[in-house]
Structure formats: structure tokens, C-alpha cells
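Summary of structural features
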Amino acid sequence: RFSAASRPGRRGFATGDFEKQLMPEDILHLRAMSMTIMQDPICEIRPEEAERYLVDHEDPIGDLPAWHPTRMVHQVFDPFRSRKLTVVRY
């Protein structure tokens, strides 16, 4: 009935002109980011070497049992504590 190129909203994807839908500065930015990522020294590390650099951050309150009063107080008065810890770690 209809070709893929004649359907509304599908023209660019069907004809393979995906790059023409992006602005030239977007394409330039994506290429620059790709080069930056590939030049990062972390890309050169093997998986077994990467495990050496992992740092385990202990969470004294998170290690307490769920019924412990200190942990319950933190759950009630600081419900976003786990998110804060995640942001601080990374």
C-alpha cells in the first residue's frame, strides 16, 4: 500500500537520512564526546585490573538490622539518605 518513505513521521528513518535530522553542531558534539571517551585511560584497563581500583564504602547505619532504632530514625527523618549516599560515592 504505502512505502515506508511515504508514511508521515517515518521519512527520515526509512530513507537512512538520520544524520540529516540532527543539527550539525549536535553531530560535532557527539563525535567529540566519542573521541574523549575513547582517549580515556580507563578504556585501556582489563576487567581484572579494574577490580583492584574498586573502593568499598561502608554504611554503618545500612548494616544495622531493619528493626534497630537508629536505622528506623534515619528512615523516618531522612528518607532520601540512600540517594544522598549514592551521589556522594560517585
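Residues numbered from 1 in each chain as written. Predicted model: local features only at pLDDT ≥ 70, side-chain atom pairs only at ≥ 80, totals over all residues. Heavy atoms only, no water.

Bringing the overall build of the chain into the picture now. Summing up its helical and strand segments, the chain has six helices and zero strands in all. Start at the N end of the chain and walk to the C end: the helices and strands fall as α-α-α-α-α-α. A burial count over the chain gives 6% of its 90 residues as buried. Total accessible area on the chain is roughly 8,700 Å²; 60% of this is exposed by carbon and sulfur atoms. (Helix = DSSP H or I, 4+ residues; strand = E, 2+ residues; numbered from the N terminus. Buried < 20%, exposed > 50% of the residue type's maximum accessible area, 1.4 Å probe, protein only. Areas by Shrake-Rupley, 256 points an atom, 1.4 Å probe, with all protein chains shown as cover.)

A few words on a nonpolar patch on the surface. A cluster of nonpolar side chains, contributed by V73, V76 and F77, occupies part of the molecular surface with about 350 Å² of accessible area. Secondary-structure assignment places F77 in helix α5 (residues 69-77). (Patch = residues over 30% accessible without salt bridge, like charges linked within 9 Å, V, L, I, M, F, W, Y side chains within 5 Å. Salt bridge = Lys/Arg side-chain N within 4 Å of Asp/Glu carboxyl O.)

Structurally, R81 is set in helix α6 (residues 81-89). Here D59 takes part through its side chain, which lies 2.7 Å from a polar atom of the side chain of R81. Discounting chain neighbours no more than four positions away, the residues touching R81 are D59, I61, G62 and H74. (Polar contact = N/O pair within 3.5 Å; in protein donor to acceptor, adjacent residues only side chain to side chain. Contact = heavy atoms within 4.5 Å.)

One pass over the structure, following the stated rule, counts three salt bridges. A salt bridge links D59 to R81, with the shortest nitrogen-to-oxygen separation between them at 2.7 Å. In this pair, D59 sits in the loop between α4 (47-50) and α5 while R81 sits in helix α6, placing the two residues 22 residues apart along the sequence. The burial state of D59 is the same as that of R81; both residues are buried. It is possible to trace a salt-bridge network through shared partners that takes in R46, E48 and E49.

Moving on, we come to the environment of D59. The exposure class assigned to D59 is buried, which follows from its relative accessible area of 15%. Taking the C-alpha atoms as reference points, D59 and S82, separated by 23 residues in sequence, lie 9.7 Å from one another.

Here we come to the confidence of the model for the chain. Per-chain confidence: the chain averages 75 in pLDDT, with 74% of residues scoring 70 or above. The spread of mean pLDDT over the elements of the chain runs between helix α1 (residues 11-15), the lowest at 51, and α5, the highest at 88. (pLDDT = per-residue confidence, 0-100.)

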